[in-house]
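# What the coordinates show
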Amino acid sequence: MQISFQQAHRGNYLPASRDKEDIRYLVIHFTANNGDTARNNADYFARETLSTSAHYFVDEREVWQSVADRDIAWHCGTRGTYYHPYCRNANSIGIELCSRIQNGKYYFMPETEQMAAALVRQLMERYAIAEDHVLRHYDVTHKTCPAPYVESAAAWEVFKNRCKEADDMTEAQVKRLIEQSKTVYRSAEDVPAWGRPTVEKLVQKGWLQGEEQSLNLSDDLLRTLVINDRAGLYGA
Ligand SMILES: [Zn+2]
């Protein structure tokens, strides 16, 4: 996996000399933006003094590192209550997934999740981090982060399972995913059989409606909707 590096501004992290054994947790976040890129985030954190940071930013195409693993990023600290007994900035690595918004809901592109899962798996291997030490920001401070995995525990489970099996994708797989992500369904009839019940349900409830009778539903959003539906988020 190729990782680009753009050092964060000195005011955004704590230089440290952590050993491998000091890194015990991986904490997953979302950027809470709509269609931002890993590179834009790395540039932004290099330019501005924000007193906050993450080690990695992931989008559907790239991974950018902003803070070196040995240094301490400020990503899961709080002046309030810690809900996890051990995980802190000092012993963790923070990973931000670039998000998107549709119909008022945050979601991740499947390629972003795939890329992040491959990164998580690589870090789990490098630092001998167990599966139950891969956490959501929510697990540490109860912040709604990353929203797609706080709102859907099932989606979080799917992601964690992917971290166990993720291998670097072949170029052909990546191209196929990007191709799929552009697929737009205009009506419920266009939607493949596995997604149709979900779409019909949401249209019936009036939660999903396209402009001028057209759904304009992308394939990646359809996948997210189906995962949420299977998790029971949209009722019977
Ligand atoms: Zn967060």
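A few points on the structure. Everything quoted here is computed from the prediction, not taken from an experiment. (Residues numbered from 1 in each chain as written. Predicted model: local features only at pLDDT ≥ 70, side-chain atom pairs only at ≥ 80, totals over all residues. Heavy atoms only, no water.)

## Looking at helix H1 (residues 38–47)
When H1 is considered as a whole, its buried residues turn out to be Ala38, Asn41, Ala42 and Phe45. Viewed end-on, H1 has its buried residues packed into an arc of 100 degrees, placing them on one side of the element. Residues of H1 that are buried in the fold lie against strand E4 (56–58) and strand E5 (63–65). (Buried < 20%, exposed > 50% of the residue type's maximum accessible area, 1.4 Å probe, protein only. Helix = DSSP H or I, 4+ residues; strand = E, 2+ residues; numbered from the N terminus. Arc of directions from axis to C-beta. Contact = heavy atoms within 4.5 Å.)

## Observations regarding the packing of aromatic side chains
Two numbers describe a pair of aromatic rings. These are the distance of the centres and the angle of the planes. In total, this model carries eight aromatic pairs according to the counting rule given. Ring plane angle 85 degrees and centroid distance 4.9 Å describe the contact between Phe30 and Tyr106, whose orientation is recorded as edge-to-face. Of the two residues, Phe30 is situated in strand E3 (residues 25–30) and Tyr106 in strand E9 (residues 105–107); the sequence distance between them amounts to 76 residues. Counting every residue linked through ring pairs, the aromatic cluster contains Phe108, Tyr149, Trp156 and Phe159. Sitting over the ring of Tyr13, Arg10 keeps its end group 6.0 Å from the ring centre. (Phe/Tyr/Trp six-rings, centres within 6.5 Å; stacked < 30°, edge-to-face > 60°. Lys NZ or Arg CZ within 6 Å of the ring centre and 35° of its normal.)

## A look at the side chain of Asn228
With respect to the helices, strands and loops of the structure, Asn228 is situated in helix H8 (residues 219–230). A distance of 3.1 Å separates the side chain of Asn228 from the side chain of Tyr234, its partner in a polar contact. (Polar contact = N/O pair within 3.5 Å; in protein donor to acceptor, adjacent residues only side chain to side chain.)

## A look at the pairing of E3
The buried count for E3 comes to six of six residues, which makes it a mostly enclosed element. Here E3 shows two buried faces, one formed by Tyr25, Val27 and His29 and the other by Leu26, Ile28 and Phe30. One ladder, built from six bridges, connects E3 with strand E7 (residues 92–97); its direction is parallel. Its bridge partner lying in E7, Phe30 is registered against Leu97. (Pairing = 2+ DSSP bridges.)

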